[in-house]
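Residue-level listing of the chains:
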Amino acid sequence: AEFYCSVFSNATIEDENPMVVTFNSAGQKFMCLNGGPEFKFTPAISFYTIIPDESEIQAVWDKLIENGKALMPMDSYPWSKKYGWLQDKFGVTWQLTVDKPDYSDQKFIPALLFSGTNFGKAQEAIDFYTGIFDNSSVKLISRYGADDANGQEGTINHAQFELDGKLLAAMDTAIVQNFDFNEALSIVVECLDQAEIDYFWEKLVEGGGKENQCGWLKDKFGVSWQIVPEILPKLMSDPQRSGRVVQAFMKMKKFDIEKLK
């Protein structure tokens, strides 16, 4: 969290405890968890990051790539005047671009890469997610053409869509990759009440998803979600209660707000 706050402008740490640190940059919240060594970050989920200023994007690239590696070098490409894809020293991947969409001011866009057994499922995933969340719409879909050399014609090379007003991206690739979605990077849904928790939990596990402990689930594509009550940080911040709250939710799969209280 300290590293990312030093890289991105207008970024500050908001809260921390031995398990979790949250920071905010450009009005977006990131949560860092101290997990174990089981799951490694992969490029299956990256952060598509909009930095319109060319000198700023180069400065951010230079900081992020220190002890990391370039997946696609910062350069000019047919789809962008200035773009690069890298993996930072922690393994988190970032796609940096100067191109700002005219329909959003969002700086960080979680980008889902559908490869391997998920190749060709980006459209299905977009339909699945936008059917679950209110205030959802597809903003952009670009597809591979007949001239694609990797047999990807008709699948999505880049799409952007909103869930509850938040922008996400999706891409297909037929190029063989040795990674897939895993728990190292998850998407958090903060719920106002038990009815919302029940709704998102049931919808996101439909069609072959998997329930996990402590409010975590995997959807049918393997993307991990945390379905959490909005009140949880307040309960966790109370030193008189936090230990008992942790003991309670460690026994849960789907969160039960009344039991947590």
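Since we're looking at a predicted model, the values are computed, not measured.

What counts as what
The residue numbers shown here count from 1 along each chain, following its written sequence. Reporting in this predicted model follows two pLDDT cut-offs: at least 70 for local features of residues, and 80 or more for side-chain atom pairs to be given and counted; totals over whole chains, interfaces and linings ignore these cut-offs and use all residues. The basis for every side-chain value is the complete set of heavy atoms in the structure, and neither hydrogens nor water enter the calculation. The helix and strand labels rest on DSSP assignments: H or I over at least four residues marks a helix, E over at least two residues marks a strand, and numbering proceeds from the N terminus. Polar contacts, as counted here, are pairs of nitrogen or oxygen atoms within 3.5 Å of one another; within protein the pair requires one atom able to donate a hydrogen and one able to accept it, and residues that are adjacent in sequence qualify only if both atoms are side-chain atoms. In this description, contact between two residues means that some pair of their heavy atoms is separated by no more than 4.5 Å. Exposure is judged per residue with a 1.4 Å probe applied to protein chains only, and the accessible area is read against the type maximum: over 50% gives exposed, under 20% gives buried, and values in between give partly exposed. Starting at the helix axis, one direction is taken to each C-beta atom, and the arc is that of these directions. Cavity means a closed set of points on a 1 Å grid over the protein atoms alone, one where a 1.4 Å probe fits but cannot get out, pocket means an open set with protein on both sides within 12 Å along at least 5 of 7 lines, and lining means a residue has an atom within 4 Å of a point. Grid points are joined across faces, edges and corners, and a volume is the space filled by probe spheres set on the points. As a working rule, the residues Ala, Val, Leu, Ile, Met, Phe, Trp, Tyr, Cys and Pro are called nonpolar, Asp, Glu, Lys and Arg charged, and the rest polar, with Gly in that last group. To qualify as a nonpolar core, a set must consist of buried Ala, Val, Leu, Ile, Met, Phe, Trp, Tyr and Cys residues joined through side-chain atoms within 4.5 Å. Two aromatic rings, drawn from Phe, Tyr or Trp (for Trp, its six-membered ring), form a pair once their centres lie within 6.5 Å of each other, and the interplanar angle then sorts them: stacked below 30 degrees, edge-to-face above 60, tilted otherwise. A positively charged side chain is recorded as over a ring if its NZ (Lys) or CZ (Arg) lies within 6 Å of the ring centre. The angle to the ring normal must also be within 35 degrees. Here, any two strands with at least 2 DSSP bridges between them count as paired. Structural elements are reduced to axes, namely lines fitted to C-alpha atoms, with helices fitted over the stretch in contact, and the angle between N-to-C directions of any two is expressed from 0 to 180 degrees.

Attention now moves to the side chain of glutamate 183. Mapped onto the elements of the fold, glutamate 183 is located in the loop between strand E11 (166-172) and strand E12 (186-191). A polar contact of 3.5 Å, which involves the side chain of glutamate 183, links it to the side chain of lysine 218. With residues near it in sequence (within four places) discarded, glutamate 183 still touches Phe39, Asn212, Trp216, Lys218 and Ser224.

If you check which residues of helix H6 (residues 242-250) are buried, you get Ser242, Val245 and Phe249. End-on view of H6: buried residues confined to an arc of 55°, all on one side of the axis. What points out from H6, more than 90 degrees from its buried face, is the exposed set Arg244 and Gln247. Here the buried face of H6 lies against helix H5 (232-237) and helix H7 (257-260).

Where empty space is left becomes clear once a probe the size of a water molecule has been rolled over the atoms. Under the definition given, this model contains 1 cavity of 30 Å³ or more. When grouped by side-chain class, the residues that make up the lining of the largest cavity number 6 nonpolar, 2 polar and 1 charged.

A word on the nonpolar core. Counting 76 residues, the largest nonpolar core has Leu64, Trp94, Tyr129, Trp225 and Ile227 as the members making the most contacts within it. Of the residues forming this core, the biggest block, 6 residues, is contributed by strand E8 (residues 108-114). The contact partners of tryptophan 225, leaving out residues within four places of it in the chain, are Tyr129, Phe133, Leu163, Ser186, Ile187, Val189, Leu204, Gly215, Trp216, Leu217 and Asp219.

Let's shift gears to the packing of aromatic side chains. Evaluation of the coordinates by the stated rule reveals 25 aromatic pairs. Ring geometry for phenylalanine 128 against phenylalanine 221: centres 5.9 Å apart, planes inclined by 75°, an arrangement best described as edge-to-face. Note that phenylalanine 128 is positioned in helix H3 (residues 122-130) and phenylalanine 221 in the loop between strand E14 (216-218) and strand E15 (224-229), a separation of 93 residues in sequence. In this structure phenylalanine 221 comes out as buried when scored by relative accessible area, which is 5%. Here the guanidinium or amino end of lysine 89 rests over the ring plane of phenylalanine 3, the centre of that ring lying 4.4 Å away. Note that lysine 220 overlies the ring of phenylalanine 128, its terminal NZ or CZ placed 4.6 Å from the centroid.

Moving on, we come to the sheet that holds strand E2 (residues 20-25). Here we have 3 strands laid out as an open sheet, ordered E1-E2-E3, and antiparallel in their pairing. At either margin of the open sheet sits one strand with a lone partner, and together these are strand E1 (11-16) and strand E3 (28-33). Averaged over neighbouring strand pairs, the angle between their axes works out to 25° when direction is ignored. Note: E1 against E2, 5 bridges, orientation antiparallel. Bridging across to E2, alanine 11 finds its partner in serine 25.

What is shown is where atoms sit, not what they do.
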